[in-house]
Amino acid sequence: MTELKFEVNDKSGAKSQASNDKAEKGHMASVRDGEAFPFSIEALKLLEEVRKNKFANPDDQKKLESIVPAPASSSDSAYPPTERANPATVNGRFADSREKPPVDYKGPVFKLSQDYPQQLPAEENLPWMKYDFKTQMPEYMAAVLDYILDGNVEANFAAQKNETRKWFHAPWLHYGVSGREYTHGLTMERNSRPGELSYGQTKQYQNWGIGMYNPRGAYTLGQVWKDPENPNVSNVKFPEGAVSFKLLFTEAPVKDVPYLKGSPELTANI
């Protein structure tokens, strides 16, 4: 979509953040909305209307949030049990997405990269460390960006398929109607209000994204989530050399945001 955000912890103790200027658009094809738990029929009807209108009406959103989910029953659930969101873990593995793909679906299916290192990986030769982030910021951030793209472009950003180094995803982001969808693991981000992406933008558009962590960052994730339902956040600190980044996509069309022309597109279940 619009930007690629990333963070780095380095020996100086500084946290750096930047966004690339090249806009990358994600075309989002709405297939069907998922759920993390069975809503009441009233909530489901409202949810469908809210999603159809792209959350344009704040009052509808507030009304939806005020509805208490009803207990599951055969007549009061959105989809058959096989299509609802998975529980927190199955056989010790975190859920991949908020719902399963339809049985006749033939496209890509997201798999959570969750084999977090059990021991802190050795620190790599970090290419940005030869630059002073205060006086050589462009060179510093370009080196970080090269590190992020290395192997990920060839793997189409499938974290565990990167042949240079594996990357990892955070667990539990499958939860809720804005949780990970099943094609690329995207989660719903903040919407872009009219005029935010360009002066010609007249409508509000949804944005979706996915973040990844390098091995040293993923080690910390694994320590926090050793018990999948009881995270341990005591003394949590990402080590030197930990890197995280996020890809952001928008459903905004080129006619509203001209600089998106020619950027990569995705089809996702939003």
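Residues numbered from 1 in each chain as written. Predicted model: local features only at pLDDT ≥ 70, side-chain atom pairs only at ≥ 80, totals over all residues. Heavy atoms only, no water.

1. Describing a negative patch on the surface
A cluster of acidic residues, Asp-146, Asp-150, Glu-154 and Glu-163, forms a negative patch at the surface. Mapping Glu-154 onto the fold places it in the loop between helix H3 (137-149) and strand S5 (187-188). (Patch = residues over 30% accessible without salt bridge, like charges linked within 9 Å, V, L, I, M, F, W, Y side chains within 5 Å. Areas by Shrake-Rupley, 256 points an atom, 1.4 Å probe, with all protein chains shown as cover. Salt bridge = Lys/Arg side-chain N within 4 Å of Asp/Glu carboxyl O. Lys, Arg positive; Asp, Glu negative; His and termini not counted. Charge placed at Lys NZ, Arg CZ, Asp CG, Glu CD. Helix = DSSP H or I, 4+ residues; strand = E, 2+ residues; numbered from the N terminus.)

2. Examining the side chain of Glu-99
Here Glu-99 shows up in the loop between strand S4 (93-94) and H3. At 2.4 Å, the side chain of Glu-99 and the side chain of Asn-269 are in polar contact. (Polar contact = N/O pair within 3.5 Å; in protein donor to acceptor, adjacent residues only side chain to side chain.)

3. Quick word on the environment of Glu-181
Within the fold, Glu-181 resides in the loop between H3 and S5. We classify Glu-181 as buried; its relative accessible area is 0%. Counting along the chain gives 89 residues from Glu-181 to Ile-270, while the straight-line C-alpha distance between them is 6.7 Å. One polar contact links the side chain of Glu-181 to the main-chain amide nitrogen of His-184, over a distance of 2.8 Å. (Buried < 20%, exposed > 50% of the residue type's maximum accessible area, 1.4 Å probe, protein only.)

4. Here's the deal with helix H4 (residues 215-224)
The element H4 is largely enclosed, with a buried count of eight among its ten residues. Among all positions in H4, only Pro-215, Arg-216, Gly-217, Ala-218, Thr-220, Leu-221, Gly-222 and Val-224 are buried. In this structure, the buried residues of H4 make contact with strand S6 (207-213). (Contact = heavy atoms within 4.5 Å.)

5. Side note on the pairing of S6
Extensive coverage of S6 is indicated by the burial of six of its seven residues. One ladder, built from two bridges, connects S5 with S6; its direction is antiparallel. From the neighbouring strand, Met-188 faces S6, where its bridge partner is Trp-208. Two elements, S6 and strand S7 (residues 243-250), share seven bridges in a ladder whose sense is antiparallel. Each residue of the ladder has a partner; that of Ile-210, found in S7, is Leu-247. (Pairing = 2+ DSSP bridges.)

6. Re unusual backbone geometry
For Asn-156, which is not glycine, the phi dihedral falls at a positive 55 degrees. Within the secondary structure, Asn-156 sits in the loop between H3 and S5. A residue is classified by how much of its surface remains accessible, and Asn-156, at 57% relative accessible area, is exposed. Backbone geometry places Trp-172, a non-glycine residue, at a positive phi of 75 degrees. Here Trp-172 lies in the loop between H3 and S5. We classify Trp-172 as partly exposed; its relative accessible area is 27%.

7. Focus on the environment of Gly-185
Mapped onto the fold, Gly-185 is located in the loop between H3 and S5. Spatially, the C-alpha atom of Gly-185 lies 8.9 Å from that of Leu-173, the residues being twelve residues apart in sequence.

8. Focus: the pattern of salt bridges
Applying the stated criterion across every chain, the model contains eight salt bridges. Note that Asp-115 is salt-bridged to Arg-93, the shortest N-O span being 2.6 Å. Taken as a pair, Asp-115 in the loop between S4 and H3 and Arg-93 in strand S4 lie far apart in primary sequence, 22 residues in all. What makes Arg-93 partly exposed here is its relative accessible area of 37%. Two residues, Lys-255 and Asp-256, come together in a salt bridge whose shortest N-O distance is 3.3 Å. Because the salt bridges share partners, they merge into one network encompassing Arg-190, Arg-193 and Glu-196.

The values reported here are purely geometric and, on their own, carry no functional implication.
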